[in-house]
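Structural features, examined
As a plain string of letters, each chain reads:
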There are 2 protein chains.
Amino acid sequence: MSVTSSAKNKVSRTTVRDVARLAGVSVGTVSRVVNRVDNVTPLIRSRVEAAMISLNWKPSMLAQNMRDQSSRMVGFIFSDLDNPLFASMVKGAESVLTKAGYQLIVGSSNDSAEHERSLIELFGQRQADGLIFTMTDEGNPDVLASLSRASFPVVMIEREVTIPSSGKVVADHYEGTLQATRYLIGLGHRRIALITGGQNNFVGRARMRGFMQAHREHGLEPVLRLIRSDDRIADAAFGYRETQLLLSMNGRPTAILALGRKLLRGVLAACRATCTRIPEDISLIATNDSELAELVQPAVTVVRYSAFDLGSEAAHLLLHRLGAGNDWSPSTIVVPTEIVIRGSCAGPGQGSKGSAL
Amino acid sequence: MSVTSSAKNKVSRTTVRDVARLAGVSVGTVSRVVNRVDNVTPLIRSRVEAAMISLNWKPSMLAQNMRDQSSRMVGFIFSDLDNPLFASMVKGAESVLTKAGYQLIVGSSNDSAEHERSLIELFGQRQADGLIFTMTDEGNPDVLASLSRASFPVVMIEREVTIPSSGKVVADHYEGTLQATRYLIGLGHRRIALITGGQNNFVGRARMRGFMQAHREHGLEPVLRLIRSDDRIADAAFGYRETQLLLSMNGRPTAILALGRKLLRGVLAACRATCTRIPEDISLIATNDSELAELVQPAVTVVRYSAFDLGSEAAHLLLHRLGAGNDWSPSTIVVPTEIVIRGSCAGPGQGSKGSAL
DNA sequence: TTGTAAGCGTTATCAC
DNA sequence: GTGATAACGCTTACAA
């Protein structure tokens, strides 16, 4: 066994005690000074402050947390930071939490329920004061069980899960999809395709309802074959596959509603591959504004909402809950959606030359 | 003063003591069981385990941290999560840190040195075990001072700061820019514009060196007027402004190197606004691959590197440092860059019809 | 093999 | 107004 000569230089942290000794007072007094509480004689106060500065001492938050059994940290579990929606939500949450003296600890689930479960347990052991959560599968019993065992309040984003003492923040996907579909119907479209994620979470269901409602309002029947919804992840590959399939149908759609952040890339790629022109051959509406939607030609009409607001509202809700203690009832905050009209939609007649099929 | 009846139901946390009592053993034994250490009689062990399960007890990490003076948390300070580069870095760092039992706590600086300073102090009070950091301004003395006062090791990403016991991870921007510039020169370009961020950090400087070196190799003199570098943030607005300026010059460039994640959007917008065609009127190379670069038409040639790797390598470096203790010397990890050729570049003659100026 | 107790750094309660 | 001390929940010498 080798003994390093420098092995013993473990400089132990300076503590209240050091400050107290230097200032010639007791630890209690030092504590009262930093926490600006009680009456402390100005003379003593300044002596203590001088000592604090000269030793560069700040109270250990670990010890503070230990004492009042609260870490002043909030966990945020999301599926994937590479999705700019989640990145914005985290940014939104962080911006309000740090202002309130809380720290954000993050965890990616990568859409694994098992990861979600273990992160929840972990945050519990760390005595997180709260959790902001975008559950992958709203129905997963293991995750739900962990959640209800948890000792901290939870705010869900974009999910419709009711567990005790949890609130939720959602975007108004119903309204957004309703508007988008109405717009297409108004342009004269009757065969409108819907590509969207599955019905296993709030977002997919709300969009489906909006889509249906817009048809119903106009006395139209949605074409069921044109509804491409998957219980799995709605990624670019899914968008590509489904678009190709739709374009190759006879009785193919005259418009596509691609609702899901990652779909646009796949949809555009499939249109390119099949030489399908937008909006001449097909109209397109996507969700979640992006550089891509804005700068591709033609620019793509989108249903937009603020992911940042989803995160910041979730944080506000959680803080409110933390302040209110027990007299608090779960509530829901709805973030608005809007439709941004660009050049990717036209009437269905508008030059529908035979496709390259 | 109102007294809520439920005010007293502060269910105090179950502790080792509860488990010990239930199992009929001492707290030490319980601790030895959870930490799978020492010899514990199988009989006793199983009694303890049963008690743990029935009480649903897990050791409080707060107390553990308190005891061994380590929070098993690593801080990550970046400027802005809305920049997908930072999001990927965070994802990369988080993926290796959680695997090693550390938690990531995040902080946005929004490019404010003051925020950076206070986050460093905060992480110090929280007794973070380490910090991963993308400093906004490498030269800021306040931040540097906080950093050197800090009690934890630091790994810098994309910065060239040498403080004691810090390592760094950088992408090979010199090489990437060298290759890109060589490529343009090889196509026949002689008036190449460079739009890039300032020289106040490693990235800008490395790119500038690569740009210069490629010219030197070919015995060419860079056209200084065409170098648009700013000490401030290189955002889309900057890209737009500088592109317009470049396009309106006489002796205007035949190619633009837009090096900076946010520039592309502005450059493309400016080209649109001035009806400048790519690559017929001007060739373009950007940095950091994106959906936009890939799917806009023509697709844009880019210098690419993995931001995820920057983050994960930084985490590895930090973990290595944490494991190695004192016998560790600061080191640098270089992540490779590559150039992805797409359709945005052509020879300078290639149809340079008078621009729409 | 197991129990006991000190100690991690703070703050709040109680004397003085 | 200030000082001493218990307590937060855990781990680890050390004692038995």
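Remember, it's a predicted structure, so these values are computed and weren't measured experimentally.

1. Focus: the overall build of chain A
Across its full length, chain A holds 13 helices and twelve strands. Computed over C-alpha atoms, the radius of gyration of chain A comes to 27 Å, more than 25% over the 21 Å expected from 2.2 N^0.38 for 357 residues, which places it beyond the range of a compact globule. When the 357 residues of chain A are sorted by exposure, 52% land in the buried category. Put simply, 72% of the contacts in chain A that link residues at least 6 apart link residues at least 24 apart. If you average the places of the 40 positive and of the 34 negative side-chain charges in chain A, the two averages end up 5 Å apart.

2. Concerning the sheet that holds strand E4 (residues 154-157) of chain B
Read from one edge to the other, the open sheet built from twelve strands follows the order E11(A)-E5(A)-E4(A)-E3(A)-E1(A)-E2(A)-E2(B)-E1(B)-E3(B)-E4(B)-E5(B)-E11(B), with strand pairing classed as mixed. Each edge of the sheet is formed by a strand with only one pairing partner; in this case those strands are strand E11 (332-335) of chain A together with strand E11 (332-335) of chain B. Each strand of the sheet is rotated relative to its neighbour by a mean of 20°, with strand direction disregarded. By the bridge criterion, three bridges tie strand E3 (residues 130-133) of chain A to strand E4 (residues 154-157) of chain A in an arrangement that is parallel. If you follow Phe133(A) over to E4(A), its bridge partner there is Met156(A).

3. Section: the relation of the copies chain B and chain A
Overlay of chain B on chain A (RMSD 0.1 Å): rotation 180°, translation along the axis 0.0 Å. Here the symmetry operator amounts to a two-fold rotation axis. Taken as a fraction of all interface residues of chain B, those also at the interface in chain A reach 100%, which identifies the copy contact as same-surface.

4. Looking at helix H10 (residues 236-248) of chain A
Residues and elements named next belong to chain A. In this model H10 runs 18 Å from its N-terminal to its C-terminal C-alpha over 13 residues, within 8% of the 18 Å that 1.5 Å per residue would give. Residues of H10 that are buried: Phe238, Gly239, Glu242, Thr243, Leu246 and Leu247. For H10, the angular spread of the buried residues around the axis is 150°, confining them to a single face. Looking at the packing, one finds that the buried side of H10 touches strand E6 (192-196), strand E7 (227-229), strand E8 (255-259) and helix H11 (263-273).

5. Brief notes about the protein's contact with DNA strand D
Not every one of the 29 residues close to DNA strand D is listed here, only the nearest: Thr29(A), Asn39(A), Thr41(A), Val16(B) and Arg67(B). Close to the protein, within 4 Å, the atoms of DNA strand D belong to sugar or phosphate groups at a rate of 66%. Arg32(A) is positioned with one of its side-chain polar atoms (N or O) 2.9 Å from a base nitrogen of DNA strand D. At 3.1 Å, a backbone N or O of Ser60(B) approaches a phosphate oxygen of DNA strand D. Of all the elements in the fold, those that place two or more residues in the surface near DNA strand D are helix H2 (27-34) and helix H4 (61-68) of chain A together with helix H1 (16-23), helix H2 (27-34) and helix H4 (61-68) of chain B. Across the surface near DNA strand D, the residue classes tally to nine nonpolar, twelve polar and eight charged.

6. As for the nonpolar core
In this structure, Phe76(A), Leu97(A), Ile132(A), Phe76(B) and Ile132(B) are the most contacted members of the largest nonpolar core, which totals 60 residues. Setting aside chain neighbours within four positions, we find Phe76(B) in contact with Met89(B), Val90(B), Ala93(B), Leu104(B), Ile105(B), Val106(B), Gly107(B), Phe123(B), Leu131(B), Ile132(B), Thr134(B) and Ile157(B). In this structure, Met156(A), Leu131(B), Met156(B) and Val161(B) belong to the second largest nonpolar core, which totals 34 residues.

7. A word on the protein's contact with DNA strand C
Taken together, 28 residues are adjacent to DNA strand C, and Val16(A), Arg67(A), Thr29(B), Asn39(B) and Thr41(B) come closest. Contact distances for DNA strand C include 2.6 Å between a phosphate oxygen and a backbone N or O atom of Val16(A). Secondary-structure elements contributing two or more residues to the surface near DNA strand C are helix H1 (16-23), H2 and H4 of chain A together with H2 and H4 of chain B. Among the elements that make up the surface near DNA strand C, the one with the highest residue count is H2(B) (four residues). Of the residues that constitute the surface near DNA strand C, the class distribution is nine nonpolar, twelve polar and seven charged.

8. Focus on the interface of chain B and chain A
Tallying the contact residues gives 52 residues for chain B and 52 residues for chain A. Summed over both partners, the interface of chain B with chain A comes to about 5,000 Å²; 50% of that surface belongs to carbon and sulfur atoms. Counting the surface chain B buries against chain A, the share from its top three residues, Leu62(B), Arg126(B) and Leu295(B), is 15%. With a closest N to O distance of 3.0 Å, Asp80(A) and Lys91(B) form a salt bridge. Listed by contribution, the elements that provide at least two residues to the side of chain B that touches chain A are H4, helix H5 (84-99), strand E2 (103-108), helix H6 (113-125), helix H11 (263-273) and helix H12 (291-295) of chain B. Its residues assigned to classes, the side of chain B that touches chain A comprises 18 nonpolar, 19 polar and 15 charged. Pairing between strand E2 (residues 103-108) of chain A and E2(B): three bridges, direction antiparallel.

9. Side note on the domain arrangement of chain A
Residues and elements named next belong to chain A. In terms of domain boundaries, chain A breaks down into domain 1 (5-67), domain 2 (72-170 + 307-334) and domain 3 (173-306). Using C-alpha coordinates to define each centre, domain 2 is positioned 29 Å away from domain 3. Tallying the contact residues gives 16 residues for domain 2 and twelve residues for domain 3. Of the roughly 1,200 Å² buried between domain 2 and domain 3, counting both surfaces, carbon and sulfur atoms make up 50%. Area buried by domain 2 at its contact with domain 3 is led by Leu85, Glu138 and Glu158, which between them contribute 36% of it. Linking domain 2 with domain 3 are two salt bridges, by the criterion used here. Taken together, the links from domain 2 to domain 3 amount to eight residue pairs in polar contact (both at pLDDT 80 or more). Where the side of domain 2 that touches domain 3 is concerned, the elements lending two or more residues are helix H5 (84-99) and helix H13 (307-324). Among the elements that take part in the side of domain 2 that touches domain 3, H13 stands out by supplying four residues, more than any other. Across the side of domain 2 that touches domain 3, the residue classes tally to six nonpolar, two polar and eight charged.

10. Focus on the side chain of Arg261(A)
Mapping Arg261(A) onto the fold places it in the loop between E8 and H11. With residues near it in sequence (within four places) discarded, Arg261(A) still touches Asn83(A), Pro84(A), Leu85(A), Thr287(A), Asn288(A), Ser290(A) and Glu291(B).

11. Things to note about the sheet that holds strand E10 (residues 301-304) of chain A
Residues and elements named next belong to chain A. Read from one edge of the open sheet, six strands run E7-E6-E8-E9-E10-E12, paired in mixed fashion. Each having just a single partner strand, E7 and strand E12 (338-340) make up the two edges of the open sheet. Sheet twist, expressed as the average angle between the axes of neighbouring strands with direction ignored, equals 15°. Where E10 lies against E12, three bridges are found, and the strand directions are antiparallel. Pairing of arginine 304 across the sheet is with glutamate 338, part of E12. Of the strands in this sheet, E6, E7, E8 and strand E9 (283-287) are in contact with helix H9 (residues 202-217), which crosses E6 at around 170°. Those strands touched by H11 are E6, E8 and E9, and its axis lies near 160° from that of E9.

Cut-off values and rules
- Residues numbered from 1 in each chain as written.
- Chains lettered and ligands numbered in written order.
- Predicted model: local features only at pLDDT ≥ 70, side-chain atom pairs only at ≥ 80, totals over all residues.
- Heavy atoms only, no water.
- Helix = DSSP H or I, 4+ residues; strand = E, 2+ residues; numbered from the N terminus.
- Rg over C-alpha atoms; globule rule 2.2 N^0.38 Å.
- Buried < 20%, exposed > 50% of the residue type's maximum accessible area, 1.4 Å probe, protein only.
- Contact = heavy atoms within 4.5 Å.
- Lys, Arg positive; Asp, Glu negative; His and termini not counted.
- Charge placed at Lys NZ, Arg CZ, Asp CG, Glu CD.
- Pairing = 2+ DSSP bridges.
- Axes fitted to C-alpha atoms, helices over the stretch in contact; angles between N-to-C directions.
- Least-squares fit on C-alpha atoms with pLDDT ≥ 70 in both.
- Expected span 1.5 Å × (residues − 1).
- Arc of directions from axis to C-beta.
- Near = heavy atom within 4 Å.
- Polar contact = N/O pair within 3.5 Å; in protein donor to acceptor, adjacent residues only side chain to side chain.
- Nonpolar A, V, L, I, M, F, W, Y, C, P; charged D, E, K, R; others polar.
- Core = buried A, V, L, I, M, F, W, Y, C linked by side-chain atoms within 4.5 Å.
- Buried area = accessible area lost by both parts, 1.4 Å probe.
- Salt bridge = Lys/Arg side-chain N within 4 Å of Asp/Glu carboxyl O.
- Domains from an automatic or database assignment.

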